[in-house]
Amino acid sequence: MKLYSSSHDFAYSWDEVSTCNWRKYCPWNDKSTHVIAVDTLARSLDPETHILRTERLITCKQSAPKWLQSMFGSSDVSHVYEVSYVDAKAQTVTMCSQNMTWSELMSVQEKVVYRPSKRAGYTTFEQSAKIIALCGGWQKIKNGIEEFSIARFRENAAKGREGFERVLAISREVFAEQRERARQENQAFSAVR
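Structural notes, computed from the coordinates. (Residues numbered from 1 in each chain as written. Predicted model: local features only at pLDDT ≥ 70, side-chain atom pairs only at ≥ 80, totals over all residues. Heavy atoms only, no water.)

**So, the overall build of the protein**
- Looking only at helices and strands, the protein has 3 helices and 7 strands in total.
- Reading the protein from its N terminus to its C terminus gives the helix and strand order β-α-β-β-α-β-β-β-β-α.
- If one aligns the C-alpha atoms of the protein with their principal axes, the spans along those axes are about 80 × 35 × 30 Å.
- Each of the 193 residues in the protein was classed as buried or not, and the buried ones make up 36%.
- Summarising the internal contacts of the protein: among those between residues at least 6 apart in sequence, 58% fall at separations of at least 24.
- Surface exposure of the protein reaches about 11,400 Å², of which carbon and sulfur atoms provide 53%.
- In the protein, 27 side chains carry a positive charge and 23 a negative one; their mean positions are 3 Å apart. (Helix = DSSP H or I, 4+ residues; strand = E, 2+ residues; numbered from the N terminus. Buried < 20%, exposed > 50% of the residue type's maximum accessible area, 1.4 Å probe, protein only. Contact = heavy atoms within 4.5 Å. Areas by Shrake-Rupley, 256 points an atom, 1.4 Å probe, with all protein chains shown as cover. Lys, Arg positive; Asp, Glu negative; His and termini not counted. Charge placed at Lys NZ, Arg CZ, Asp CG, Glu CD.)

Right, dumping it as structure tokens:
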């Protein structure tokens, strides 16, 4: 079993981060090109807690190492199931994901939490993962799978943070332009009246 954890403060408010989270894999994110599709499977709002629950299927394209492909066969396409919870009252976004592809060979469980930072105007991003190779008895192969997987996860996590930072920056710029345009339209409308 291999564990991973990291924490990072984004210089954006919780409102900005929680809103942009849904655009994390858009074309503005040039660092997550391995994500080729994100499909929303279900979405519901709990009438009592007002927590938004969303289920998504994330489709990725990235190759496995040749030695693994030769032993187990593979496709370059993999799927991840994600469930997220947005609690606007507590100001948290919690996302839990599990690999679906090769789930008989290994388990990759990831948890991400966004919450307001202690620093005003910042949002704390906490990420953790647990990777377990499930091919019993073959310790050398298990170790190889886990080592490769945690290295790939660490690499993708760094790219993901960098790409999301870009999405946040572009979103802030676009929203500012939209607010300015709306302000000018309101001003022009008021002058006509």
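**Describing the sheet that holds strand E5 (residues 92-99)**
- Across the sheet, 7 strands lie side by side as E1-E7-E6-E5-E4-E3-E2; this open sheet has antiparallel pairing. Strands at the two margins of the open sheet, each flanked by one partner only, are strand E1 (2-10) and strand E2 (35-45). Each strand of the sheet is rotated relative to its neighbour by a mean of 15 degrees, with strand direction disregarded.
- Bridge analysis of strand E3 (residues 52-61) against strand E4 (residues 77-87) gives 10 bridges, and the strand direction is antiparallel. The partner of Leu57 across the bridge, within E4, is Tyr81.
- Those strands touched by helix H3 (residues 139-192) are E1, strand E6 (106-116) and strand E7 (123-133), and its axis lies near 10 degrees from that of E1. (Pairing = 2+ DSSP bridges. Axes fitted to C-alpha atoms, helices over the stretch in contact; angles between N-to-C directions.)

**Points about the pattern of salt bridges**
- For the coordinates displayed, the defined rule picks out 9 salt bridges.
- We note a salt bridge from Glu180 to Arg183, for which the minimum N-O separation is 2.6 Å. One end of the pair, Glu180, and the other, Arg183, are both in helix H3, 3 residues apart, so they sit about a helical turn from each other.
- The partly exposed category is assigned to Arg183, whose relative accessible area is 42%. (Salt bridge = Lys/Arg side-chain N within 4 Å of Asp/Glu carboxyl O.)

**Some details on the environment of Tyr114**
- Mapped onto the fold, Tyr114 is located in strand E6.
- C-alpha separation for the pair Tyr114 and Arg23, spaced 91 residues apart in sequence, amounts to 15 Å.
- Only 3.3 Å separates the side chain of Tyr114 from the side chain of Lys24, close enough to count as a polar contact. (Polar contact = N/O pair within 3.5 Å; in protein donor to acceptor, adjacent residues only side chain to side chain.)

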